[in-house]
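Each chain is listed here by its residues.
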Amino acid sequence: MSSIKIAGATVNQTPLDWSGNLNRIILAIEEAKIQGAEILCLPELAITGYGSEDLFLSYWFPKKALDQLELLLPHCEGITVAVGLPIRIQDKVYNCVAVIENTEVKGFVAKQFMAIDGVHYEFRWFTPWNANEVVAIEFQGQMVPLGDLTFHHKEIHYGFEICEDAWRGKLRPGYRLCDRKVDLIFNPSASHFAMGKTALRKELVEESSATFDCYYCYANLLGNEAGRMIFDGEILLAKSGEILSRNRLLSFEDFQVKSFYLEPKTQDIAPINSKNEEFVQASALALFDYMRKSHSTGFVLSLSGGADSSSIAILVAEMVKRGINELSLEGFCRKAGVKNLPTSQQPEKELMKQLLTTAYQGTKNSSDDTFSSAETLAESIGATFYHWEIDEEVKSYTAKIEKAIGRKLTWEQDDITLQNIQARTRSPIIWMLANINNALLLSTSNRSEGDVGYATMDGDTSGSISPIAAVDKFFILNWLSWAEKNLDRPGLAKVNSLQPTAELRPLERTQTDEKDLMPYAVIVEIEKLAIRDRRSPMDIYLILSEELELEPDTLKGYIKKFFRLWSRNQWKRERLAPSFHLDEFNVDPKTWYRFPILSGGFAEELAQLEQL
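Residues numbered from 1 in each chain as written. Predicted model: local features only at pLDDT ≥ 70, side-chain atom pairs only at ≥ 80, totals over all residues. Heavy atoms only, no water.

## As for the overall build of the chain
- Along its length, the chain carries 20 helices and 20 strands.
- Its C-alpha radius of gyration of 26 Å places the chain within 12% of the 25 Å reference for a compact globule of 612 residues.
- On the principal axes, the C-alpha backbone points of the chain span a range of 85 × 65 × 45 Å.
- Sorting the 612 residues of the chain into buried and exposed places 59% on the buried side.
- Put simply, the chain shows about 25,200 Å² of open surface, and 50% of that area lies on carbon and sulfur atoms.
- Side-chain charges in the chain split into 66 positive and 85 negative, and the spacing between the mean points of these groups amounts to 3 Å. (Helix = DSSP H or I, 4+ residues; strand = E, 2+ residues; numbered from the N terminus. Rg over C-alpha atoms; globule rule 2.2 N^0.38 Å. Buried < 20%, exposed > 50% of the residue type's maximum accessible area, 1.4 Å probe, protein only. Areas by Shrake-Rupley, 256 points an atom, 1.4 Å probe, with all protein chains shown as cover. Lys, Arg positive; Asp, Glu negative; His and termini not counted. Charge placed at Lys NZ, Arg CZ, Asp CG, Glu CD.)

## Quick notes on a nonpolar patch on the surface
- Taken together, the side chains of Ile-429, Met-432 and Ile-436 present a nonpolar region at the surface, about 300 Å² in accessible area.
- We classify Ile-436 as exposed; its relative accessible area is 65%. (Patch = residues over 30% accessible without salt bridge, like charges linked within 9 Å, V, L, I, M, F, W, Y side chains within 5 Å. Salt bridge = Lys/Arg side-chain N within 4 Å of Asp/Glu carboxyl O.)

## Thoughts on the sheet that holds strand S18 (residues 356–362)
- Pairing is parallel in the open sheet, where four strands are placed in the order S19-S18-S17-S20. If you trace the sheet from one side to the other, it starts and ends with strand S19 (384–389) and strand S20 (440–442), each paired once. On average, adjacent strands in this sheet sit at an angle of 25° to one another, irrespective of strand direction.
- Sheet strands touched by helix H11 (residues 415–437): strand S17 (299–302), S18, S19 and S20. Its angle to S18, the strand with the most contacts, is close to 160°. (Pairing = 2+ DSSP bridges. Axes fitted to C-alpha atoms, helices over the stretch in contact; angles between N-to-C directions. Contact = heavy atoms within 4.5 Å.)

## Section: the pairing of strand S9 (residues 156–160)
- Among the five residues in S9, five count as buried, and that is most of the element.
- Where burial is concerned, the two faces of S9 agree: the one with Ile-156, Tyr-158 and Phe-160 and the one with His-157 and Gly-159 are both buried.
- Sheet topology note: the strand S8 (residues 151–153)/S9 ladder contains three bridges and is antiparallel. Of the residues in S9, the one forming a bridge with His-153 is Ile-156.

## Quick look at the pattern of salt bridges
- Counted under the stated rule, the structure contains 38 salt bridges.
- A salt bridge links Lys-63 to Asp-67; its shortest N-O distance comes to 3.9 Å. With a gap of four residues between them, Lys-63 and Asp-67 both fall in helix H2 (residues 60–72), about one helical turn apart.
- Residue Arg-172 is joined to Glu-161 by a salt bridge in which the shortest nitrogen-to-oxygen separation is 2.5 Å.

## Observations regarding the sheet that holds S9
- The strand order across the open sheet built from six strands is S8-S9-S10-S11-S14-S15, with neighbouring strands paired in mixed fashion. Of all the strands in the sheet, the pair left with one neighbour each is S8 and strand S15 (242–246). Adjacent strand axes in the sheet meet at a mean angle of 25°, parallel and antiparallel pairs treated alike.
- One ladder, built from three bridges, connects S9 with strand S10 (residues 184–189); its direction is parallel. Bridge pairing in S10 links Tyr-158 to Leu-184.

## Remarks on the nonpolar core
- In terms of nonpolar packing, the biggest core is built from 80 residues, with Leu-42, Leu-69, Leu-72, Val-83, Phe-108 and Phe-562 touching the most fellow members.
- Apart from the residues within four sequence positions on either side, Leu-72 is in contact with Leu-22, Ile-25, Ile-26, Ile-29, Val-83 and Ile-100.
- Among the nonpolar cores identified, the runner-up in size contains 62 residues, and Ala-282, Leu-287, Leu-303 and Leu-327 belong to it. (Core = buried A, V, L, I, M, F, W, Y, C linked by side-chain atoms within 4.5 Å.)

## Some points on the side chain of Asn-21
- With respect to the helices and strands, Asn-21 occurs in helix H1 (residues 18–34).
- Beyond its immediate stretch of four places on either side in the chain, Asn-21 contacts Gln-13, Thr-14, Ala-46, Ile-47, Thr-48 and Gly-49.

## A closer look at the pairing of strand S11 (residues 215–220)
- Within S11, six of the six residues are buried, leaving the element largely enclosed by the surrounding structure.
- Of the two faces of S11, the one holding Tyr-215, Cys-217 and Ala-219 and the one holding Tyr-216, Tyr-218 and Asn-220 are both buried throughout.
- Bridge analysis of S10 against S11 gives six bridges, and the strand direction is parallel. Along S11, the bridge assignment pairs Pro-188 with Ala-219.
- Handedness of the S10-helix H4 (residues 197–211)-S11 crossover: right-handed.
- As paired elements, S11 and strand S14 (residues 235–239) share four bridges and run antiparallel to each other. When the bridges of S14 are listed, Tyr-216 appears paired with Ala-238. (Right-handed = clockwise from strand over helix to strand, strands pointing away.)

In structure tokens form, the structure reads like this:
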């Protein structure tokens, strides 16, 4: 077999951005030609975007995707291009890849297995294709084969597994492709980002190339396509169980093309980053895409000086820093829609002043420590910083309700009420600032708080988007310590010196989050077993009693508290602002974990736990 050059491409697409999506594909094709590639593989559903959701069920939507395919054909002269799109046949929609050879569509390969776990609901939209089945459909007045197909290019015999197809063990199409003696398998994917997932993909691609004794080329989508899921844009080539080439992930560019020769030798392998680095790069890109795709002018953040809001402020700062480094100052501003280019000697801070507006909203229960922490951090990153007191507004609300019910509110009798009114009073004025700036309000809830409802609905949960709602608090606390040193963020020193607290009770009551709940390190262990692994309270106790050095009654108390608060607060999770999927699981009922709003609250299960 003679050596030829192939390429994988990743594109940052947006549902219903027909011309933009098409243009990015065309630019990727032109770049592949420049690099001398003879075959180019683009990601799954690249023409429409993977996140088009119920649009896939429309009759007009798959038809328009085919119209876009027709517009693409003239740009495929002198190259073979594989590109993903939905195709409707009567009342069924199939997730397909069109193979275009020198401007002519040679066939459509249909996906055989649907992703139905975690954030994926593909069975809602697509019908799986049967193995070994081929039909013909009309395209441009000619009958074109569609189904389980393979193709030839010079001496190369190649086929496809489309994303989920490759994750189905012995059932996967790769085994049948191996029987057909293919030399090359392409995997066009829309595989969501999660911290640590690239290591799993690497293992899959390596094993696939060894098992099927062929070259295996993988190409994933890129960016925050439609709001929640992030795609990392990974492109891989493997042979004989070894990765030969890998690109740098989570690019701010509109597209990337990675070309390689079909030769069993190493050809530029980018390193795999740590979980901490993956988190910041993915979050920075997701914020950037969300901001520009929503046509917003920046962000507004209620900066308390605590861990959650401070971590989000740093993520916005990293968005600016990394975007400038990759796109250039002018390129970043153009893509972000920033009209006034920085002219100072500190363009990064000048941009931050435009793009992030923060406010510290104090009460008599706030400490000097948190104010100083917030002010120092905002100054260090260049964000606009305001501060004001909300005691007058809290007092006004409290006086009105006291008059109505005919008694004074006290901390002994009305603890939750008096805490919540402070959090809720902060919401209207920070929303005003977001409206004035035409900016996105950033909510500061984390996953641990979402687990147990440790958040005030219409208070600290207020926001357009909740960047860290899919990440646990224990990770956030450790990440902030890492970020202070590894991202050169000295403004985090004061943040990292503070004990996490809501500061909603009087200072003499020394409120802390972990005193209200339990240690965050324990919450994350319980939630992994309860939510990720779907274990019962009794199972969790038996497992953690071996792993954690806690007294039996203490551990039982923590588990009971978790499940009771989890059950009671599903209604809150239903109303949280959209969040990025960043970890291996999340508690968003719209994407990962569905739970009844009303339930028996594990009453029998917790009673059984008490009997152990």
